[in-house]
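Spelled out from the first residue to the last, the chains are:
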Amino acid sequence: EVAAQRGARVTLVAANTALPVPDGVQLVPVETTAELQDAVRAASADADAVIMAAAVADFRPAALTEHKIKKVAGTGPAPIELVENPDILAGLVADRPREGLLVIGFAAETGDEHGSVLEHGRAKALRKGADLLAVNDVSGGKGFGDQANALTILDASGEIVAGPVAGSKHDVAGALLDAVASRLG
């Protein structure tokens, strides 16, 4: 919404969204990770920047059934085989559909015994290789719904480009778009 308000042409690729589509935004609905990957690649073919904020599951069931899996008395649940979903962000970074495409990812992070929010974000920035990574501190319930947000923007080497920025979703979206605009010139 913030990008559209700033005059950008915006394509939103989304699943399971119940929110109204903002004015000036084209919605591309998807249901599966494969559809999401295809739609992101198609939308990025003529884009200047792609901002990826989806939280896609790492794994999915290997097979889908047409019917309910029923309980059988005296037995446990049947095992469900899982297969890995594609890493859409890393795939787009590795195989950009056009030269000069700016790829921005998100990392919803909490600190733990292995590191701080920023340390986990830096590790993800190095792993994913996106031009920018918006590290969203979601500890203590921050970042979801109408809660306050805290965002630090890193480059592909894990260096801080902007932030930390705290405030509403609108505030942090503006800060992220400012970082994108400065990269695009």
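The text that follows walks through the structure, step by step, so that each part is easy to find. (Residues numbered from 1 in each chain as written. Predicted model: local features only at pLDDT ≥ 70, side-chain atom pairs only at ≥ 80, totals over all residues. Heavy atoms only, no water.)

1. Concerning helix α4 (residues 117-128)
- With 12 residues, α4 should cover 16 Å at 1.5 Å per step; its first-to-last C-alpha distance of 16 Å lies within 8% of that length.
- Buried residues belonging to α4 abut α3 (88-94), β6 (102-109), β7 (132-137) and β8 (149-155).
- Positioned one or two residues after α4, Gly129 has a phi angle of 75 degrees, which is positive. (Helix = DSSP H or I, 4+ residues; strand = E, 2+ residues; numbered from the N terminus. Expected span 1.5 Å × (residues − 1). Contact = heavy atoms within 4.5 Å.)

2. A word on the nonpolar core
- By size, the foremost hydrophobic cluster in this structure holds 15 residues, and its most contacted members are Val40, Val50, Met52 and Leu92.
- For this core, the leading source of residues is α3, giving 4 residues.
- One finds Ile153, Val172, Leu176 and Ala179 within the second-largest nonpolar core, a separate group that totals 10 residues. (Core = buried A, V, L, I, M, F, W, Y, C linked by side-chain atoms within 4.5 Å. Buried < 20%, exposed > 50% of the residue type's maximum accessible area, 1.4 Å probe, protein only.)

3. Brief notes about the sheet that holds strand β3 (residues 49-52)
- Within the open sheet, the 5 strands sit side by side as β3-β6-β7-β8-β9. Their pairing is mixed. The open sheet has two edge strands, β3 and β9 (160-167), and neither has a second partner. Across the sheet, the mean angle separating the axes of adjacent strands is 15 degrees when strand polarity is ignored.
- Of the strand pairs in this sheet, β7 and β8 are connected by 5 bridges, and their pairing is antiparallel. Bridge assignment links Val135 to a residue of β8, and that residue is Thr152. (Pairing = 2+ DSSP bridges. Axes fitted to C-alpha atoms, helices over the stretch in contact; angles between N-to-C directions.)

4. As for the environment of Leu101
- Looking at the element boundaries, Leu101 is found in the loop between α3 and β6.
- Leu101 sits in the buried class, given a relative accessible area of 2%.
- Separated by 62 residues in sequence, Leu101 and Ala39 place their C-alpha atoms 16 Å apart.
- Ignoring sequence-local partners within four residues, the contact set of Leu101 consists of Ser44, Ala47, Asp48, Ala49, Val50, Leu92, Arg96 and Asp131.

5. Focus: unusual backbone geometry
- That bond from Gly163 to Pro164 is cis: its omega, 5 degrees, falls within 30 degrees of zero.
- Tracing the backbone through its elements, the reader meets Pro164 in strand β9.

6. Digging into helix α5 (residues 169-184)
- Relative to the 22 Å expected for 16 residues at 1.5 Å per residue, α5 spans 22 Å between its end C-alpha atoms, a close match to the ideal helical length.
- Two residues or fewer past α5, Gly185 is found with a positive phi of approximately 80 degrees.

7. Some words on the side chain of Glu109
- Mapped onto the elements of the fold, Glu109 is located in strand β6.
- A relative accessible area of 12% means that Glu109 is categorised as buried.
- If sequence neighbours within four positions are ignored, Glu109 has contacts with Val117, His120, Gly121, Lys124, Val135, Asn136, Asp137, Val138 and Ser139.

8. Structural notes on the pattern of salt bridges
- Summed over all chains, the structure comprises 5 salt bridges.
- For Asp95, the salt bridge goes to Arg41, with nearest N and O atoms at 3.5 Å. Here Asp95 is found in the loop between α3 and β6, whereas its partner Arg41 is found in helix α2 (residues 33-44), with 54 residues between them in sequence.
- Relative accessible area serves as the criterion here: at 27%, Arg41 is assigned to the partly exposed category.
- One salt bridge connects Glu109 with Lys124, and the closest N-O pair in it is separated by 3.7 Å. Of this pair, Glu109 sits in strand β6 while Lys124 sits in helix α4; the two residues are 15 residues apart in sequence, bridging distant segments of the chain.
- A residue is classified by how much of its surface remains accessible, and Lys124, at 18% relative accessible area, is buried. (Salt bridge = Lys/Arg side-chain N within 4 Å of Asp/Glu carboxyl O.)

Read these as layout, nothing more, since geometry by itself doesn't imply function.
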